[in-house]
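These are the residues of each chain, in order.
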Amino acid sequence: MAHEYKATVVWHKKDTEKYTDNRYSRGHEWRFDEGVVVPASSSPLVVPVPMSNAAAVDPEEAFVASLSSCHMLFFLFHAAKKGFVVERYEDAAVGTMGKNDKGATAMVKVALRPRITFGAGPSPSAEELAAMHERAHHDCYIANSVTAEVVVEAAA
């Protein structure tokens, strides 16, 4: 069962930019189905402002967010199947850049740090919570697609 996911990335040179001096804006747009448009840019940690837009999403942030979002969606699925009511799920995920085994700059680790509030009814034990995180990690398509270490540092 193959699925395709599409995104359109659009950048254009501004009339006032020389471009060949490498001082052009890295601001661009990510366009998704149904008309969602996300302002995007290179990271200001890589290309300084004003050539980057610190208020826009950069690919590194999107990478971390996609891992976090995927994990959360599978966690919510498994919690519901087990009869646990999740009222709130918030993850302050952090990605770390470094050198990979080949010496290339890469996202080498992503720490997911979910804080979960359970509602009425039973709450999972520490073991059940850890098992749901492990299952969510195992099921996450994004985590299965990357070489970076992904760890869950769940708050108890």
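Structure shown above.
Trainee: So what exactly am I meant to see when it comes to the sheet that holds strand 6 (residues 105-112) here?
Mentor: Paired through backbone hydrogen bonds, the strands of a sheet run either parallel or antiparallel to each other. Read from one edge of the open sheet, 3 strands run 5-6-8, paired in mixed fashion. In this open sheet, the two strands that pair with only one neighbour each are strand 5 (94-99) and strand 8 (149-152). The average angle at which neighbouring strand axes cross in this sheet is 20 degrees, direction not considered. Both strand 5 and strand 6 contribute to a ladder of 6 bridges, which runs antiparallel. Pairing of Met-97 across the sheet is with Met-107, part of strand 6. Along the sheet, helix 1 (residues 59-81) contacts strand 5, strand 6 and strand 8; its crossing angle with strand 6, the most-contacted strand, is approximately 35 degrees.

Trainee: Can you help me understand the sheet that holds strand 1 (residues 8-10) in this one?
Mentor: Across the sheet, which stays open at both edges, the 3 strands sit in the order 1-2-3 with antiparallel pairing between neighbours. Each edge of the open sheet is held by one strand with a lone partner, namely strand 1 and strand 3 (37-40). The sheet shows a mean angle of 25 degrees between the axes of neighbouring strands, taken without regard to direction. Summarising the sheet, strand 2 (residues 28-31) and strand 3 pair through 4 bridges and their orientation is antiparallel. Across the sheet, Trp-30 pairs through a bridge with Val-38, a residue of strand 3.

Trainee: Honestly, the packing of aromatic side chains in this entry has me stumped. Any pointers?
Mentor: What characterises a pair of aromatic rings is the spacing of the ring centres plus the angle enclosed by the ring planes. As enumerated under the stated definition, the model contains 6 aromatic pairs in all. Centre to centre, the rings of Phe-74 and Tyr-141 are 5.2 Å apart; their planes meet at 85 degrees, and the pair counts as edge-to-face. Of this pair, Phe-74 sits in helix 1 while Tyr-141 sits in the loop between helix 2 (126-139) and strand 8, and the two are 67 residues apart along the sequence. We classify Phe-74 as buried; its relative accessible area is 17%. The class of Tyr-141 is exposed, set by a relative accessible area of 56%. When the centroid spacing of 6.3 Å and the interplanar angle of 75 degrees are considered together, the rings of Phe-84 and Phe-118 count as edge-to-face. One end of the pair, Phe-84, is in the loop between helix 1 and strand 4 (86-91); the other, Phe-118, is in strand 7 (residues 114-118), and 34 residues separate them in sequence. Assessed through its relative accessible area of 9%, Phe-84 is described here as buried. Through pairs of rings, three or more aromatic residues link up here, namely Trp-11, Tyr-19 and Tyr-24. Against the face of Tyr-24 rests Arg-26, its NZ or CZ located 3.9 Å from the ring centre.

About the cut-offs
Residues numbered from 1 in each chain as written. Predicted model: local features only at pLDDT ≥ 70, side-chain atom pairs only at ≥ 80, totals over all residues. Heavy atoms only, no water. Pairing = 2+ DSSP bridges. Helix = DSSP H or I, 4+ residues; strand = E, 2+ residues; numbered from the N terminus. Axes fitted to C-alpha atoms, helices over the stretch in contact; angles between N-to-C directions. Contact = heavy atoms within 4.5 Å. Phe/Tyr/Trp six-rings, centres within 6.5 Å; stacked < 30°, edge-to-face > 60°. Buried < 20%, exposed > 50% of the residue type's maximum accessible area, 1.4 Å probe, protein only. Lys NZ or Arg CZ within 6 Å of the ring centre and 35° of its normal.

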